[in-house]
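What the coordinates show
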Amino acid sequence: MQVIEAVQGLRRHLVDLRQDSIALVPTMGCLHAGHVSLIRKAKRLADVVVVSIYVNPLQFGEGEDFEQYPRTFEEDVRICEAEGVDVLFHPHNLYADDGAKITLKVHDMDCVLCGASRVGHFDGVVTVVNMLFNIVQPNLAVFGEKDWQQLTILRRMVADLHMPVSIVGSALIREKDGLAMSSRNRYLKDNERQQALFLSQVLRLMQQLALQGKTNKHILDLGLKYLAKSHIQVEYLDIRHEHSLLPSMRMPLTTDRLFVAATIGQTRLIDNMPLLENLEKVE
Ligand code: AMP
């Protein structure tokens, strides 16, 4: 595996590999089994796998955890090597010395869910992913369903901007007890780790209510009541159409998805699930 820090060095290295298909897996490092599942999917789909590790300052708002974000580079290298990654791209900085003067802007899709509180976050995400696409020029890029809104926005980015890249989604990976894996889980103290389980539990409860034929409004009300007992700081709990991200308040549909975000102690966590799991899709 080649570890490359410079954009020009990466470009030179990839010249000889262009006759093969290239998959990119963008990450911010502190790799866990969720990231590994993306890497394995990329390996199944392409000849060459490039993993990028870059904690992108543009997607962090003021007061967010950019400085504290866990950086575990040596362990990440070991994981990538063990998974047969071909190139690990680890730039120090992707922005001009005098700051980012040209960026991409998301419209409407970032006014809901995480975007509502993390103003500018998705502009930072699409800008850096666009940069990575320009640098690596991959045939495909793999992103996790853990960050469903991000995946939806990136699909729209390549469609709207006619980018020659396929966006591949990869299933959300959980701990055995249901907690969605996240680099930020390592911030959690023992009691917070217990409280964090409310997130996946409330979504499972809402799935059961959907199977019982309750309306989405009823399901949401009961979900909110359940979370109110948890004493965690809920940012949102919502049922939305999986592609448009518009609210869905009628009867459960196979295209509906559950979304939750909450802060536990100092740690902001998100989770999502289909409202109707394992049912055949009717669009
Ligand atoms: P991050 O390093 O958190 O920016 O995540 C890099 C990529 O890994 C994104 O596409 C995430 O959606 C994905 N990812 C993070 N956690 C998980 C998980 N638990 N399951 C699946 N994909 C994940």
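In what follows, the accompanying structure is described. Because the structure is predicted, anything quoted here is derived from the model rather than measured.

Helix packing for two helices is described by the angle between their axes and how far apart those axes are. Following both chains from N to C, one finds helix α8 (residues 197–211) and helix α9 (residues 216–228) inclined at 150 degrees, their axes separated by 10 Å at the closest point. Accordingly, the angle class assigned to the pair α8 and α9 is roughly antiparallel. Considering how the two elements wind past one another, α8 and α9 form a crossing that is right-handed. Across the interface between the two elements, F198, Q201, V202, L205, M206, L209 and A210 of α8 pack against I219, L220, L222, G223, Y226 and L227 of α9. A breakdown of the residues in the contact of α8 with α9 according to their chemical character gives 11 nonpolar, two polar and no charged.

With that settled, consider empty space enclosed by the protein. The tally for this structure, following the rule as stated, stands at two cavities of 30 Å³ or more. In this structure, the largest cavity is lined by 48 residues; those nearest its centre are M28, H35, K146, D147 and Q150. Mapped onto the lining of the largest cavity, the elements with two or more residues apiece are β2 (22–27), α2 (33–45), α4 (113–117), α5 (121–136), β5 (140–144), α6 (148–160), β8 (256–264) and β9 (267–274). Here the lining of the largest cavity gets six residues from one element, more than from any other, and that element is α5. Classifying every residue of the lining of the largest cavity by side-chain character gives 25 nonpolar, 16 polar and seven charged. Each of domain 1 (2–170) and domain 2 (183–275) gives at least three residues to the lining of the largest cavity. In this structure, the second largest cavity encloses a volume near 60 Å³.

Once that is clear, we can look at the environment of C114. Summarising the element assignment, C114 is placed in helix α4. For the pair C114 and V260, spaced 146 residues apart in sequence, the C-alpha separation works out to 9.1 Å. Leaving out residues up to four positions away in the same chain, C114 has contacts with F122, Q149, E235, Y236, R268 and I270.

This part covers the state of the cysteines. Overall, the coordinates contain zero disulfides when judged by the stated rule. Here C80 is not disulfide-linked; the sulfur of C30 is the nearest cysteine sulfur, at 12 Å. You can call C80 buried: its relative accessible area is 0%. You can see C111 has no disulfide; the closest cysteine sulfur is in C114, sitting 13 Å from it. A relative accessible area of 53% means that C111 is categorised as exposed.

On to the nonpolar core. Among the nonpolar cores identified, the biggest contains 43 residues, and V50 and F133 are the most heavily contacted of them. If one sorts the elements of this core by residue count, α5 sits on top with 10 residues. Two domains each put at least three residues into this core: domain 1 (2–170) and domain 2 (183–275). Once residues within four sequence positions are removed from consideration, F133 is found in contact with L24, P138, A141, F143, M157, V158, M163, V165 and I167. Of all hydrophobic cores here, the second largest spans 24 residues; its members include I219, V260, I264 and L269.

Time to look at unusual backbone geometry. Although it is not a glycine, D108 sits at a positive phi angle of roughly 60 degrees. Along the polypeptide, D108 turns up in the loop between β4 (87–89) and α4. Owing to a relative accessible area of 62%, D108 belongs among the exposed residues under this scheme. Even without a glycine there, the phi angle at Q137 is positive, about 50 degrees. With respect to the secondary-structure elements, Q137 resides in the loop between α5 and β5.

What counts and how
- Residues numbered from 1 in each chain as written.
- Predicted model: local features only at pLDDT ≥ 70, side-chain atom pairs only at ≥ 80, totals over all residues.
- Heavy atoms only, no water.
- Axes fitted to C-alpha atoms, helices over the stretch in contact; angles between N-to-C directions.
- Helix = DSSP H or I, 4+ residues; strand = E, 2+ residues; numbered from the N terminus.
- Parallel < 35°, antiparallel > 145°, perpendicular 65-115°, else oblique.
- Left-handed = near helix turned anticlockwise from the far one by under 90°.
- Contact = heavy atoms within 4.5 Å.
- Nonpolar A, V, L, I, M, F, W, Y, C, P; charged D, E, K, R; others polar.
- 1 Å grid on protein atoms, 1.4 Å probe; cavity = no way out; pocket = protein on both sides within 12 Å on 5 of 7 lines; lining within 4 Å.
- Points joined across faces, edges and corners; volume = space filled by probe spheres on them.
- Domains from an automatic or database assignment.
- Disulfide = S-S within 2.5 Å.
- Buried < 20%, exposed > 50% of the residue type's maximum accessible area, 1.4 Å probe, protein only.
- Core = buried A, V, L, I, M, F, W, Y, C linked by side-chain atoms within 4.5 Å.

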